[in-house]
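Coordinate analysis (summary)
If you want the building blocks of each chain, they are given just below.
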Amino acid sequence: MSNKLEILREYQQASSKLDQLKSQEAQIIHSDDPKETKDTVVIRPQFGNEMHHLNEECMQLNMILEAMDASED
């Protein structure tokens, strides 16, 4: 990770993967029995650890990008 473009590309990849996992989670939740109508939905994340890791990675990369932007000013 030597330059800003590489960091930005890595951030975009991690963010894209995180969005994909969130979409998969949502599809799993909505693919449950549609005839069943409950007031409460219990979410049991299947990708929780990976999503947490990607979220942390995105936060760190975002901080690096913000620091780089600040140093350019």
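Up top you'll find the structure we're talking about.
Below: a short report on this structure. (Residues numbered from 1 in each chain as written. Predicted model: local features only at pLDDT ≥ 70, side-chain atom pairs only at ≥ 80, totals over all residues. Heavy atoms only, no water.)

This part covers the overall build of the protein. The helix and strand tally for the protein stands at 2 helices and 0 strands. Looking at the protein residue by residue over its 73 residues, the buried ones come to 14%. Of all intrachain contacts in the protein linking residues separated by at least 6 positions in sequence, the fraction that spans at least 24 positions is 74%. Of the roughly 6,000 Å² of accessible surface on the protein, 50% is carried by carbon and sulfur atoms. (Helix = DSSP H or I, 4+ residues; strand = E, 2+ residues; numbered from the N terminus. Buried < 20%, exposed > 50% of the residue type's maximum accessible area, 1.4 Å probe, protein only. Contact = heavy atoms within 4.5 Å. Areas by Shrake-Rupley, 256 points an atom, 1.4 Å probe, with all protein chains shown as cover.)

Let us now look at helix 2 (residues 48–72). In this model, helix 2 (25 residues) spans 36 Å end to end at C-alpha, consistent with the 36 Å of a helix rising 1.5 Å per residue. Taken together, the buried positions of helix 2 are occupied by M51, L54, C58, L61 and L65. Looking at the buried residues of helix 2, the elements they touch are helix 1 (4–30). (Expected span 1.5 Å × (residues − 1).)

A pair of packed helices is captured by two measures, namely the crossing angle of their axes and the spacing between those axes. Contact geometry of helix 1 with helix 2 gives a least axis separation of 9 Å together with a crossing angle of 150°. Considering their axes alone, helix 1 and helix 2 lie roughly antiparallel with respect to each other. Every pair of crossing elements has a handedness; the one defined by helix 1 and helix 2 is left-handed. A per-class count over the contact of helix 1 with helix 2 returns 13 nonpolar, 3 polar and 9 charged. (Axes fitted to C-alpha atoms, helices over the stretch in contact; angles between N-to-C directions. Parallel < 35°, antiparallel > 145°, perpendicular 65-115°, else oblique. Left-handed = near helix turned anticlockwise from the far one by under 90°. Nonpolar A, V, L, I, M, F, W, Y, C, P; charged D, E, K, R; others polar.)

One finds A14, L18, L21, M51, L54 and C58 forming the largest nonpolar core, which totals 6 residues. Looking at this core, the elements with two or more residues in it are helix 1 and helix 2. The residues touching A14, leaving out its near neighbours within four places in the chain, are L54, E57 and C58. (Core = buried A, V, L, I, M, F, W, Y, C linked by side-chain atoms within 4.5 Å.)

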